[in-house]
Structure formats: C-alpha cells, structure tokens
Amino acid sequence: MPFLGQDWRSPGQSWVKTADGWTRFLDEKSGGFVGDISSFCKKDDHNKENLFNSINYDVAAKKRKKDLLNNKARTQYFHQEKWIYVHKGSTKERHGYCTLGEAFNRLDFSSAILDSRRFNYVVRLLELIAKSQLTSLSGIAQKNYMNILEKVVQKVLEDQQNIRLIRELLQTLYTSLCTLVQRVGKSVLVGNINMWVHRMESILHWQQQLNNIQITRPAFKGTTFTDLPLCLQLNIMQRLSDGRDLVSLGQVAPDLQVLSEDRLLWKKLCQYHFTDRQIRKRLILSDKGQLDWKKMYFKLIRCYPRKEQYGDTLQLCRHCHILSWKGTDHPCTANNPETCSTSLSPQEFINLFRF
C-alpha cells in the first residue's frame, strides 16, 4: 500500500543556522511542528540576518537561472573541453549516447573560430548543420549555434576577411529556417516560433552588415602584387583553390585579367578538385578546338563536391574513441597514439553521430 502521508523529507522545510548548528523548522501544516520561523527570528537578530541572507540567496539563484533560460540571454553553455569520449552505446559505466548536440556543446568551437587554421573548418561545419542537422540539435545546442554564428559574423566584420564564405553560410541557414518555420506544429524546431522569427531577423541584419562592408585600400606604398615578375604572380595564383577568387583577382587590373585566363592555371585547378573520370564526363571545347578548362571548372563544381583542405581539423582516436582537435593530447592507452588518430572532415564529423 503506498504511503499517502507527507514525508519528512518533502519540500516545505526550512533550515536556519543557529549557535548550536543548523536547525530544521517545519511549517505547521506539515504535521511535525518544531517552531515558528517568524517567532524564532524575533528572538535572535543573528539568526534573522542569516535567514534573510538565505532568502536573498535563493531569490538571486532563481533569477540567475531564469536569465540563463531566457531566450535573449547571451550566455554560452560551453564546457570548453579539449577532448570528449565518443560512445555509441550504453554500458554499466556510462549511460546514453554522445550526440551531435552534446559534442557541439562540449568541444571548444567558440575559441576555435579565433584560430585562423580552424576558422574555415568551423564555418564549413556550421554550414553542414544548417543544411540538414539543425533539427537534431538540442535547445541549448541550437542556442550555442546562434551564439557562435554571431561571433563569426563579428569577426568577419572586424577583419574584413572571408566575407563571401559567411554570406553563403547565412544564406544557407536562412533558407533552411524558412523551410522549417513553415512546418510549425510538427516539432521540427525547439522553442517558441517567435524566437526563431527573431533569429531570422538577426540573420537578415547580419547579411545587410556584410553587404555594407567597404574594404579600404591599405596605405602601403611599397612593392605591390603587380610589381612582381609574371612567373611569381602565376605561382601565387596557383595557390588559390577557389576559381571565384581567380575571377575576382582578374577584375583588379587589366594585366591580372590576362593572367587569370591562363589555361594551365584552370587545368591545375580542375585536376586538384576533381578526378580524371569526372573531368572526362564534362569535357567542353572552345572555339579553337581546345579544352576550355575555365568553363569545365564551373560546370564541374555544379555537379561534384570540391576538394576540401583545412589547416587544422578534429581527429578521432580509433583506439580509445576520443575526439579532439589536432595536436591536443588525450589520455590514450595505445603504445603509439599518433598512428591511431584519424583526421575528420566536417562531413565525417557529422556522420560520426549518425546511428
């Protein structure tokens, strides 16, 4: 038969610090009356002060908790751990699974965007999440996602670098949110719909800020790019991995326009991103009967994904299943930990949490 009375451990009891230690006081309705708090406070001013301090502390704690749960709070729920253990099953020692949202919360992505070697990696990861994995994140992870995105935009506005990359990210996210918001009532987004509408307005505001960027010409009177020999200019252009950067560079000066149309330059770019089989399927001839590598490149990027290369990546230890940034030490029990680590692309990082 279940116990229907009020348990002495139930809520409603109060503890007050006295000269003899902490004393428990229960309300008269609790069935175990020990004393009246108000009368007790009248007897001892010291105890009254302790009680008021306790009440004020509880009020302040509740207020902080409410602020954290508020949608407008800027606090980020990051543990900022250097590594996490990726577990795909429940055991006696560990319960539950490591989800994408948990990894996104615990790994230090907030500081990673400040590192130029990791910036493009994090941006690419944000773009992939915006395309298909946004609804798989928890409410806290979605809030962290927007906070990190805001920090990324502010960094680009200050540095005036990677503008096009962030424009594409914001456009991808806005398109996905437009589709998800229209499906209200199907539990596709965590939180109130008005909160997501406000976030979409923030995205439009960030896009406007990026469009209004005016890149100022540096006051430098030394050697410029066009002053270098042609062989060095071509050598630098070969280091660009995006054909759109070559087109933009060719619009700077007439001499650079001629160099940006070099067939060998576009041929190496196609061979870098795509396989020979993919290239043979998309052959385009020019009016002179030669292969038009420039047109072939822009046709190939519409059909196949480009090769991605990053200065620093996340890596997974196959021996102990620990996920960390490259170069971060973790407690690995393998004899040679370096041979057990595998670098993960942003897409492989997301696929790691698909069960």
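The name an unreviewed UniProt entry assigns to the protein chain is F-box only protein 32, from the organism Thryothorus ludovicianus. On record in UniProt, under Subunit (unreviewed entry), the comment for the protein chain is "Part of the SCF (SKP1-CUL1-F-box) E3 ubiquitin-protein ligase complex SCF(FBXO32) formed of CUL1, SKP1, RBX1 and FBXO32." Looking at the Function (unreviewed entry) heading of the UniProt record, one finds this comment for the protein chain: "Substrate recognition component of a SCF (SKP1-CUL1-F-box protein) E3 ubiquitin-protein ligase complex which mediates the ubiquitination and subsequent proteasomal degradation of target proteins. Probably recognizes and binds to phosphorylated target proteins during skeletal muscle atrophy. Recognizes TERF1."

Trainee: Please set out the environment of Pro 305 residue by residue, giving values where relevant.
Mentor: Relative to the elements of secondary structure, Pro 305 occurs in the loop between helix 14 (293-303) and strand 4 (314-317). What makes Pro 305 exposed here is its relative accessible area of 68%. Sequence-wise, Pro 305 and His 273 are 32 residues apart; in three dimensions their C-alpha atoms are separated by 8.1 Å. Residues contacting Pro 305, with those up to four places away along its chain left out, are His 273 and Phe 274.

Trainee: Which residues make up the pairing of strand 5 (residues 322-325), and what are the values?
Mentor: Neither face of strand 5 is open: one carries Ile 322 and Ser 324, the other Leu 323 and Trp 325, and all of them are buried. The pairing of strand 3 (residues 83-85) with strand 5 spans 3 bridges and is antiparallel. Within the sheet, the bridge partner assigned to Ile 84 lies in strand 5 and is Leu 323. Note: strand 4 against strand 5, 3 bridges, orientation antiparallel. Its bridge partner being in strand 5, Leu 316 is matched across the sheet by Leu 323. Between strand 4 and strand 5, which follow one another and run antiparallel, lie 4 residues, and His 321 among them has a positive phi close to 55°.

Trainee: Give a detailed account of the packing of helix 5 (residues 116-133) against helix 7 (residues 163-181), specifying residues and quantitative values.
Mentor: For the pair helix 5 and helix 7, interaxial distance at closest approach is 8 Å and the crossing angle is 20°. Viewed along their axes, helix 5 and helix 7 adopt a mutual orientation that is roughly parallel. Seen along the crossing, helix 5 lies across helix 7 with a hand that is left-handed. Between helix 5 and helix 7, the contacting residues are Phe 119, Asn 120, Val 123, Leu 126, Glu 127, Ala 130 and Lys 131 on the first element and Leu 165, Ile 166, Leu 169, Thr 172, Leu 173 and Ser 176 on the second. Taken together, the residues of the contact of helix 5 with helix 7 break down into 8 nonpolar, 3 polar and 2 charged.

Cut-offs applied
Residues numbered from 1 in each chain as written. Predicted model: local features only at pLDDT ≥ 70, side-chain atom pairs only at ≥ 80, totals over all residues. Heavy atoms only, no water. UniProt positions renumbered as here; feature names shortened; annotations may be inferred. Helix = DSSP H or I, 4+ residues; strand = E, 2+ residues; numbered from the N terminus. Buried < 20%, exposed > 50% of the residue type's maximum accessible area, 1.4 Å probe, protein only. Contact = heavy atoms within 4.5 Å. Pairing = 2+ DSSP bridges. Axes fitted to C-alpha atoms, helices over the stretch in contact; angles between N-to-C directions. Parallel < 35°, antiparallel > 145°, perpendicular 65-115°, else oblique. Left-handed = near helix turned anticlockwise from the far one by under 90°. Nonpolar A, V, L, I, M, F, W, Y, C, P; charged D, E, K, R; others polar.

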